[in-house]
Amino acid sequence: MARPATIQDEDLLAAAREEFLANGLGATTASIARRAGVSEGTLFKRFGSKEALFRAAMDVRAFDEIDACGRSKYIDDIEARVGQGAVGDFLIELGTYLLEKFLVIVPMVIMTHAKGTASLHDFSTGPPPGAVQGVEALARYLEGEMRLGRVRKADAEVLALSFSGAMWQYAFLRATSRHEGLPRVGKKAFVKGVVDNLWRGIAPSP
């Protein structure tokens, strides 16, 4: 049964995104319409063309939970955690969140560039993308923990980049590897391993 004619644009874009991620650039407007439960005419009426639909569906900034002020919605949560709970536990929680997000965002970025609908500069105009904000917020969090003596003094920006970069690299390898099963380590074990290795360098002296 087809969905009501009042289906929201967000629902159409979600269906299109799922179809593009599942079938690549060969996804058709017919298959997208079937997934959304609407007619192809509805898609063209709302978005004008498959190209425009692709642009809207694969917009990383729209997926990245950016609020009306251009701020990623999880940033405040990171900074509010200074001095709360165990640092290692929070890093595992944050790493798991970032990895799950990157596993979706990385294929979207790759497909957008493959399609030629965006340049790297498109992701640096306007408010900082969530990934940049996340690194900055994590660095401030680590600096706060350093001031409290709960983390050893180190370059907080390097630590933040290393941590988030590891999550991004895992997602990139998962999206691009031609060898089934790469990366071989599971998501949960990977995040814990990254945190364990990082903690050996920043754990406060006894």
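Residues numbered from 1 in each chain as written. Predicted model: local features only at pLDDT ≥ 70, side-chain atom pairs only at ≥ 80, totals over all residues. Heavy atoms only, no water.

**A short note on the packing of aromatic side chains**
Here is the rule: Aromatic pairs are defined between Phe, Tyr and Trp rings, using the six-membered ring for Trp, whenever the two ring centres lie within 6.5 Å; interplanar angles under 30 degrees are classed as stacked, those over 60 as edge-to-face, and all others as tilted. Helix and strand definitions follow DSSP, with helices as H or I runs of at least four residues and strands as E runs of at least two, each counted in order from the N terminus. Only protein chains enter the accessibility calculation, which uses a 1.4 Å probe; a residue whose area is less than 20% of its type maximum is buried, one above 50% is exposed, and one in between is partly exposed.
Counted under the stated rule, the structure contains four aromatic pairs. Between F90 and Y141 the ring centres are 4.7 Å apart and the planes differ by 55 degrees, which places this aromatic pair in the tilted class. Highlighted residues: F90 in helix α7 (residues 87–115) and Y141 in helix α8 (residues 130–147), separated in sequence by 51 residues. Geometrically, the ring pair formed by F102 and W168 is edge-to-face, given 5.0 Å between the ring centres and 70 degrees between the ring planes. Note that F102 is positioned in helix α7 and W168 in helix α9 (residues 156–176), a separation of 66 residues in sequence. With a relative accessible area of 31%, W168 lands in the partly exposed category.

**Let's talk about a negative patch on the surface**
Rules: Exposure above 30% relative accessible area and the absence of a salt bridge qualify a residue for a patch, where like charges join within 9 Å and nonpolar side chains (Val, Leu, Ile, Met, Phe, Trp, Tyr) within 5 Å. With residues, only the protein chains shown are counted as cover, and all accessible areas are computed by Shrake-Rupley using a 1.4 Å probe. Basic side-chain nitrogens of Lys or Arg form a salt bridge, by our definition, when they fall within 4 Å of a carboxyl oxygen of Asp or Glu. When charges are counted, Lys and Arg contribute as positive and Asp and Glu as negative, whereas His and the chain ends are disregarded. A charged residue contributes its charge at one atom only: NZ of Lys, CZ of Arg, CG of Asp or CD of Glu.
Together, E136, E143, D155 and E157 give the surface a local cluster of negative charge. By the secondary structure assignment, E136 is in helix α8. The class of E136 is partly exposed, set by a relative accessible area of 40%.

**Observations regarding the packing of helix α1 (residues 9–23) against helix α2 (residues 29–36)**
Here is the rule: Think of each axis as a best-fit line through the C-alpha atoms, taken over the contacting stretch in the case of a helix, with angles from 0 to 180 degrees between the N-to-C directions. The cut-offs work like this: below 35 degrees is roughly parallel, past 145 is roughly antiparallel, 65 to 115 is roughly perpendicular, and the gaps in between are oblique. In this scheme, a crossing is called left-handed if the near helix is turned counterclockwise away from the far one by less than a right angle; it is called right-handed if the turn is clockwise. Contacts were defined at the residue level, with two residues in contact if any of their heavy atoms lie within 4.5 Å. Polarity classes work like this: nonpolar for Ala, Val, Leu, Ile, Met, Phe, Trp, Tyr, Cys and Pro, charged for Asp, Glu, Lys and Arg, and polar for all others, with Gly in that last group.
The interhelical angle for the contact between α1 and α2, taken along N-to-C directions, is 125 degrees, at an axis separation of 9 Å. If you check the angle between α1 and α2, you find them oblique. When the axes of α1 and α2 are compared, the crossing they make is right-handed. On α2, the residues that touch L12, A15, A16, E18, E19, F20 and A22 of α1 are S31, I32, R35 and A36. Here the contact of α1 with α2 is built from residues that sort into seven nonpolar, one polar and three charged.

**Here we look at the pattern of salt bridges**
Summed over the entire model, instances satisfying the criterion amount to eight salt bridges. As a salt-bridge pair, R35 and E19 come within 2.7 Å of each other at their nearest N and O atoms. Placement of the pair is R35 in helix α2 and E19 in helix α1, with a sequence separation of 16 residues. Look at E19 and you get buried, because its relative accessible area is 7%. Between E79 and R140 there is a salt bridge whose closest N-O contact spans 2.7 Å.

**A short note on the nonpolar core**
Threshold: Throughout this description, the term nonpolar core refers to a set of buried Ala, Val, Leu, Ile, Met, Phe, Trp, Tyr and Cys residues connected via side-chain atoms within 4.5 Å.
Among the nonpolar cores identified, the biggest contains 34 residues, and L94, L138, F163, M167 and F190 are the most heavily contacted of them. Mapped onto this core, the elements with two or more residues apiece are α6 (75–79), α7, α8, α9 and α10 (187–202). The residues touching M167, leaving out its near neighbours within four places in the chain, are G95, L98, L99, F102, F190, V191 and V194. Counting 19 residues, the second-largest nonpolar core is a separate cluster that includes F20, A27, A36 and M58.

**Focus: the packing of α1 against helix α4 (residues 50–57)**
One way to put it is that α1 packs onto α4 with a least axis distance of 9 Å and a crossing angle of 95 degrees. As the angle between them shows, α1 and α4 are arranged roughly perpendicular. Two secondary-structure elements touch here, α1 through L13, A16, R17 and F20 and α4 through K50, L53, F54, A56 and A57. Taken together, the residues of the contact of α1 with α4 sort by class into seven nonpolar, no polar and two charged.

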